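Breakdown of the fold
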Amino acid sequence: MSTRRPVTTSIMKKMKKDGNPITMITAYDYPSAQLAEEAGVDAILVGDSLGNVVLGYEATLPVTLDDMIYHTRAVTRAVSVPFVVTDMPFMTYHGSVDETLKNVARLMREGRCKAVKMEGGAEIAPAVRACVQAGVPVMGHVGLTPQSIYQIGGYKVQGKTSEQAKKLLEDVKALEEAGAFAVVLELVTDELAAHISEQLTIPTIGIGAGAGCDGQVLVFHDLLQYGSSIRPKKFVKAYANVGEVIRQGIADYVRDVKERKFPDDEHAFKGESEVASYLYGGK
Ligand code: KIV
C-alpha cells in the first residue's frame, strides 16, 4: 500500500503553479494500472485509445460506453493514489444534457473513475459546464481529437496556421471558462502549446505538444512498445520493448514444451514414495 496522498484536481492545479510537471499514462486493466501506480504516476487515463491498442480497431470510434466502464472498473480496482480519468467515448456527450449526464453517471458510478475527459472545444462547453455543475471534474482535449479523425483526415499536427492557433486558443479558454480542471493538447506545435499553457490557470497535459505543457501523457502501449505492430511516432519515446520480451518469453515456452524440457521436476508435484511404487510397481 502506498504512503502517497491520493492525487486530486487541486493538487494538480498546485503542481502547475509550482512548476512541478504532472505525469499521466493510459492504462486499461488491473496489472498495468498497478504497475503505473508503483512507478509513481500522478494520473491515469483510461483512454478510448484502448480501441486501437487493446481491442484492435482502426480508430477509437467503435468503443462503447460499456467498454469504457469495463476497463475503468479494472483500473480503479488497482490503484489508490493516481487520479483516474476516463474518456467519454464517441457520441456519448453530444446529445441532450440529460443524456450526457446519464452517461457520465454510469461511467463514474459503475467505473468508479474520478473524472471524465471529452474531446472538443467551444462547441462542447455547454456539456462540460453541465457536468461540472453536477459535481463532475472534466478534462478537455483539443488539437488532434481522434474521435474526429475522419473529419480531420488523418493524424495531422494542429495549430500550424495563425487561424488554427487562434481557434485553439478560443477553444481552451471556453473549456476553462466552462469549468474544466485540465486540458489535453494533442499534436499541437510546441510554441502554441507553451503559449496556451501560460495563458491558462488550469494545467495542460501534452501528447506530441512539446515541453512547454504542465504535464505529459503517453499511451501505455507506445511508451513500452507493448504489442506486435506498434507504429513508431515522432512524439513517443519508447522506454522499454515489452512486446519483444513477451514474444521471446512465449517462444521459449513453446520450444521447451516441444522439446519436453517443460515441465521439469522443479515445476511438477510428487506424491509419497508408496504412490510411485503403486503406480509403477506393476500391482
Ligand atoms: O485515448 C487516449 O489515450 C487519449 C490520449 C491520447 C490523450 O485521449
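This structure is a prediction, so every number in the text was calculated from the model and none was measured.

What to know about the nonpolar core
- Judged by nonpolar contacts, the single largest core of 72 residues is most densely connected at Ile44, Met118 and Leu185.
- The contacts of Ile44, once residues within four sequence positions are left out, are Met24, Ile25, Ala27, Ala33, Ala36, Val75, Val79, Pro82, Phe83, Val84 and Val85.
- The next biggest cluster of nonpolar side chains, apart from the first, holds five residues, and it includes Ala59, Leu61, Ile149 and Leu187.

Description of the domain arrangement of the protein
- Each assigned domain of the protein is listed with its residue range as follows: domain 1 (9-240) and domain 2 (245-279).
- One C-alpha centre belongs to domain 1, the other to domain 2; they are set 45 Å apart.

Section: the pairing of strand β1 (residues 22-26)
- Among the five residues of β1, four are classified as buried, and the element is accordingly described as predominantly covered.
- Strand direction decides the pairing type here: β1 and strand β8 (residues 215-218), joined by four bridges, are parallel. Bridging from a neighbouring strand, Ile22 pairs with Gly215 of β8.
- Inspection of the sheet shows β1 paired to strand β2 (residues 43-46) by three bridges, in the parallel sense. Its bridge partner being in β2, Met24 is matched across the sheet by Ala43.
- Regarding topology, helix α2 (residues 30-39) serves as the crossover connection from β1 to the parallel β2, and that connection is right-handed.

So, the packing of helix α5 (residues 97-111) against helix α6 (residues 125-133)
- Taken N-terminus to C-terminus, the directions of α5 and α6 make an angle of 55 degrees; their axes are 10 Å apart at the nearest point. Between α5 and α6, the angle is such that the two are oblique. Where α5 crosses over α6, the two elements pack in a sense that is right-handed. Facing α5, whose interface residues are Val97, Thr100, Leu101 and Val104, α6 presents Ala127, Ala130 and Cys131.

A closer look at the pattern of salt bridges
- Within the structure shown, the criterion is met by 15 salt bridges.
- Residue Lys117 is joined to Asp87 by a salt bridge in which the shortest nitrogen-to-oxygen separation is 2.6 Å. Placement of Lys117 in strand β4 (residues 115-119) and of Asp87 in strand β3 (residues 83-87) is noted, with a sequence separation of 30 residues between them.
- Between Lys233 and Asp222 there is a salt bridge, with its nearest N and O atoms 2.9 Å apart. One end of the pair, Lys233, is in the loop between α10 (220-223) and α11 (242-258); the other, Asp222, is in helix α10, and eleven residues separate them in sequence.
- Overlapping salt bridges bring together Asp66, Arg106 and Glu110 as one network.

Structural notes on the site of the ligand
- All residues adjacent to the ligand are Thr26, Leu45, Gly47, Asp48, Ser49, Asp87, Lys117, His141, Val184, Glu186, Ile207 and Val219.
- Contacts to the ligand include Ser49, whose side-chain N or O atom sits 2.5 Å from an oxygen atom.
- The residue makeup of the shell around the ligand, split by class, is four nonpolar, four polar and four charged.

Rules used throughout
- Residues numbered from 1 in each chain as written.
- Predicted model: local features only at pLDDT ≥ 70, side-chain atom pairs only at ≥ 80, totals over all residues.
- Heavy atoms only, no water.
- Core = buried A, V, L, I, M, F, W, Y, C linked by side-chain atoms within 4.5 Å.
- Buried < 20%, exposed > 50% of the residue type's maximum accessible area, 1.4 Å probe, protein only.
- Contact = heavy atoms within 4.5 Å.
- Domains from an automatic or database assignment.
- Helix = DSSP H or I, 4+ residues; strand = E, 2+ residues; numbered from the N terminus.
- Pairing = 2+ DSSP bridges.
- Right-handed = clockwise from strand over helix to strand, strands pointing away.
- Axes fitted to C-alpha atoms, helices over the stretch in contact; angles between N-to-C directions.
- Parallel < 35°, antiparallel > 145°, perpendicular 65-115°, else oblique.
- Left-handed = near helix turned anticlockwise from the far one by under 90°.
- Salt bridge = Lys/Arg side-chain N within 4 Å of Asp/Glu carboxyl O.
- Near = heavy atom within 4 Å.
- Polar contact = N/O pair within 3.5 Å; in protein donor to acceptor, adjacent residues only side chain to side chain.
- Nonpolar A, V, L, I, M, F, W, Y, C, P; charged D, E, K, R; others polar.

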